[in-house]
Amino acid sequence: MVDILYTVNSSNCQLEVKLSNAMTFDFRVALEEDAESSKGPRRQLTDFIGDAKDTQYSQEELIKRKEDLMDWLSRNRVPVSEYSENSTFLSVMGVLLVEPPYGPDCGRCSNEIVLDCVQKLIKAKQGHDK
């Protein structure tokens with residue numbers, strides 16, 4: 001589990017990344033306001049800690065990505081279905097949820113072994129599609 005805490009004041013910010021109970025990384029970033037830019041310090045920091053999930057996909061692209069992933073997992077004999085409470089999520093083996101945009105880092109699961117196996121399958125699918 002990764003916890004990210006950041007605080008911003010007028011001249012600097014502090015970013016603390018905590019990986020489990022054992023390791024903590026502490027970053028201090030000096031912020032400078034750019035008068036010509038509409039992006040202020042808070043937006044720049046958000047960009048800094050943002051990830052690939054911020055990529056925008058159309059509804060049709062998300063549906064295709066979901067169907068392709070369901071097909072790929074089924075062909076690899078992994079039980080997958082739409083999550084009953086929210087059809088945009090996929091339920092894998094009843095213990096893992098995959099959320100849009102259905103990439104390797106879009107899974108949520110408390111079982112790290114299952115999560116790792118499914119992430120490897122999704123990465124293999126991306127390599128297979130190329």
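Residues numbered from 1 in each chain as written. Predicted model: local features only at pLDDT ≥ 70, side-chain atom pairs only at ≥ 80, totals over all residues. Heavy atoms only, no water.

The name an unreviewed UniProt entry assigns to the protein chain is AD domain-containing protein, from the organism Porites lobata.

Caption draft 1: Spatial organisation of the environment of L62. Looking at where L62 falls in the secondary structure, it is placed in helix α2 (residues 59-75). A relative accessible area of 18% places L62 in the buried class. Look past the residues within four positions of L62 in its chain and what remains in contact with it is Y57, P100, P101 and Y102. (Helix = DSSP H or I, 4+ residues; strand = E, 2+ residues; numbered from the N terminus. Buried < 20%, exposed > 50% of the residue type's maximum accessible area, 1.4 Å probe, protein only. Contact = heavy atoms within 4.5 Å.)

Caption draft 2: Summary view of the packing of α2 against helix α3 (residues 112-129). The N-to-C vectors of α2 and α3 enclose an angle of 110°; their axes lie 11 Å apart at closest approach. Here α2 is positioned roughly perpendicular relative to α3, judged by the angle of their axes. Here D68, L69, W72 and L73 of α2 come into contact with α3, specifically with L121, I122, A124, K125 and H128. When the residues that make up the contact of α2 with α3 are grouped by side-chain class, the tally is six nonpolar, one polar and two charged. (Axes fitted to C-alpha atoms, helices over the stretch in contact; angles between N-to-C directions. Parallel < 35°, antiparallel > 145°, perpendicular 65-115°, else oblique. Nonpolar A, V, L, I, M, F, W, Y, C, P; charged D, E, K, R; others polar.)

Caption draft 3: Spatial organisation of the sheet that holds strand β5 (residues 90-92). If you trace the four strands from one edge of the open sheet to the other, you get β4-β5-β6-β7, paired in antiparallel fashion. Sheet topology places β4 (80-82) and β7 (107-108) at the edges, where each strand pairs with a single neighbour. Inspection of the sheet shows strand β6 (residues 96-98) paired to β7 by two bridges, in the antiparallel sense. Looking across to β7, one finds that V98 is bridged to G107. Where α3 meets the sheet, its contacts fall on β5, β6 and β7, and the angle it forms with β6 comes to roughly 35°. (Pairing = 2+ DSSP bridges.)

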